[in-house]
Amino acid sequence: MAAGGRLAALLCLALAAAAAALGKRSPVKVLSDGMWRELLQGEWMVEFYAPWCPACQNLQPEWEKFAEWGEDLEVNIAKVDVTEQPGLSGRFVITALPTIYHCKDGEFRRYQGARTKTDFINFISDQEWKSIEPVSSWFGPSSFLMSSMSALFQLSMWIRHCHGYLTENIGIPVWGSYAVFALATLFSGLILGLAMVFVADCICPSKRHRPPQYPHSKKLAPESAQLLKKLDEEQEADEEDISDDETEGKEVPEKDSSPNAVRQRPVNLAATTDKS
C-alpha cells in the first residue's frame, strides 16, 4: 500500500509539472502579417523560422531562454513562421532559415553572430548592434518596394492554397489545375493590357483623333487682331497677283502664235513662185 501511495504521488507530481509547463505562457511573441508595424516602435529581436527546418528546431530552446531576459533587457523577443506569414517573410526577403533581425525605432539590422542565449544577451546589453550597418531605407520593410514584395509573397501563398483546394478537395488533376491557372493568367493579362491601352489613349490621344487646333481661335488683343487681319489681306492680294500673272502668261503664247502664222504664209507663197 505504501509503495502504491508513493507511485500515485509521483504520478500526480509529474502530471502537475506537465500541466504547469503546458500552462506557462511562452515569453516569445508570435508576429503575423498584420502586426509588422509594431516593429517600427521600440526594440525587437525577431526570428524567422519554419517548423520543418532542423536548424530552427535546434535554435528554439536558446531562443526561449533568451526571451526570459527580454523584460530585464527591455527588448521584445518575437518569432515569425514563414510558412504561415508569407507577407512578413517577403518584407524582409528571407532566403535562409533561421534568420534573425534586430529592430530599433524603425531601423533594421540582420544579426549574424553566434546563436546562444549568452551571445543574444551580450548583443543587446553591450549594444553590439551599433556596429552593424542598418538596412537601406529603399529595402526597409516599410518601403514601397518591400510592400510590393510582400504582396507578391502573399499572392504566391494564395495560389498555392488554391492549387491545393482544386487538387485535393475538388479532385481536379494536377495538369488541370495548371491549365486553370494558365487560362486565368492569360485572361488577366488581356484585361490588364486593354486597361493600360485605354488609359494611355486617354492621357495621350493619337493625332487623328485630336480636335483641330485653330491658331486664331483664342481671344487676341485688338492690335494683334488688326495685324493678323492685315497679314491675311496681304496674303490674299499676293495670291490674286500670282493668279493674274499665270493667266497673262497663258494668253501671251496664244497672241504670239498668230503673227508667226501670218509670217509663214508669205514665205510659202514665195517658195511656190520660185518653183513655177
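Residues numbered from 1 in each chain as written. Predicted model: local features only at pLDDT ≥ 70, side-chain atom pairs only at ≥ 80, totals over all residues. Heavy atoms only, no water.

In this section: the pairing of strand E5 (residues 107-111). Taken together, the 5 bridges between strand E4 (residues 99-104) and E5 define a ladder with antiparallel strand orientation. Bridge pairing in E5 places His102 opposite Arg109. Counted along the chain from E4 to the antiparallel partner E5, the turn is 2 residues long, and its residue Asp105 has a positive phi close to 50°. (Pairing = 2+ DSSP bridges. Helix = DSSP H or I, 4+ residues; strand = E, 2+ residues; numbered from the N terminus.)

Together, Val135, Trp138, Phe139 and Leu145 make up a nonpolar patch on the protein surface, roughly 450 Å² of accessible area in all. Here Val135 lies in the loop between helix H5 (117-125) and helix H6 (144-170). (Patch = residues over 30% accessible without salt bridge, like charges linked within 9 Å, V, L, I, M, F, W, Y side chains within 5 Å. Areas by Shrake-Rupley, 256 points an atom, 1.4 Å probe, with all protein chains shown as cover. Salt bridge = Lys/Arg side-chain N within 4 Å of Asp/Glu carboxyl O.)

At a minimum axis separation of 8 Å, helix H2 (residues 54-67) and H5 run at an interaxial angle of 45°. Comparing the axis directions of H2 and H5 gives the class oblique. Our pair here, H2 against H5, has a crossing hand that is right-handed. On H5, the residues touching Leu59, Glu62, Trp63, Lys65 and Phe66 of H2 are Lys117, Phe120, Ile121 and Ile124. Within the contact of H2 with H5, the residues separate by chemical class into 6 nonpolar, no polar and 3 charged. (Axes fitted to C-alpha atoms, helices over the stretch in contact; angles between N-to-C directions. Parallel < 35°, antiparallel > 145°, perpendicular 65-115°, else oblique. Left-handed = near helix turned anticlockwise from the far one by under 90°. Contact = heavy atoms within 4.5 Å. Nonpolar A, V, L, I, M, F, W, Y, C, P; charged D, E, K, R; others polar.)

With 19 residues, the main nonpolar core has Leu31, Val46, Phe48 and Phe92 as its most contacted residues. If you list the elements that add at least two residues to this core, you get strand E2 (43-49), strand E3 (76-81) and E4. Ranked by the residues each element gives to this core, the list is headed by E2, at 4 residues. Non-local contacts of Phe92, meaning those with residues more than four positions away in its chain, are made with Leu39, Phe48, Tyr101, Phe108 and Pro141. By size, the runner-up hydrophobic cluster in this structure holds 16 residues, among which are Leu59, Phe66, Leu73 and Trp129. (Core = buried A, V, L, I, M, F, W, Y, C linked by side-chain atoms within 4.5 Å. Buried < 20%, exposed > 50% of the residue type's maximum accessible area, 1.4 Å probe, protein only.)

Moving on to the sheet that holds strand E1 (residues 29-30). Within a sheet, neighbouring strands are paired by backbone hydrogen bonds and run either parallel or antiparallel to one another. Here 5 strands make up an open sheet; going across it, the order is E1-E3-E2-E4-E5 and the pairing mixed. This sheet does not close on itself; its edge strands, each paired only once, are E1 and E5. Where E1 lies against E3, 2 bridges are found, and the strand directions are parallel. Looking at the pairing, Val30 lines up with Lys79 of E3.

We now examine the packing of aromatic side chains. According to the stated counting rule, one finds 9 aromatic pairs in the structure shown. With a centroid separation of 5.2 Å and an interplanar angle of 85°, the aromatic rings of Trp63 and Phe120 are classed as edge-to-face. With Trp63 in helix H2 and Phe120 in helix H5, this pair connects stretches of sequence that are 57 residues apart. Of the two residues, Trp63 and Phe120, both sit in the buried class. Ring geometry for Phe66 and Phe120: centres 5.2 Å apart, planes at 45°, overall tilted. Of the two residues, Phe66 sits in helix H2 while Phe120 sits in helix H5, which places them 54 residues apart along the sequence. The residues Phe66 and Phe120 share a single accessibility class, namely buried. (Phe/Tyr/Trp six-rings, centres within 6.5 Å; stacked < 30°, edge-to-face > 60°.)

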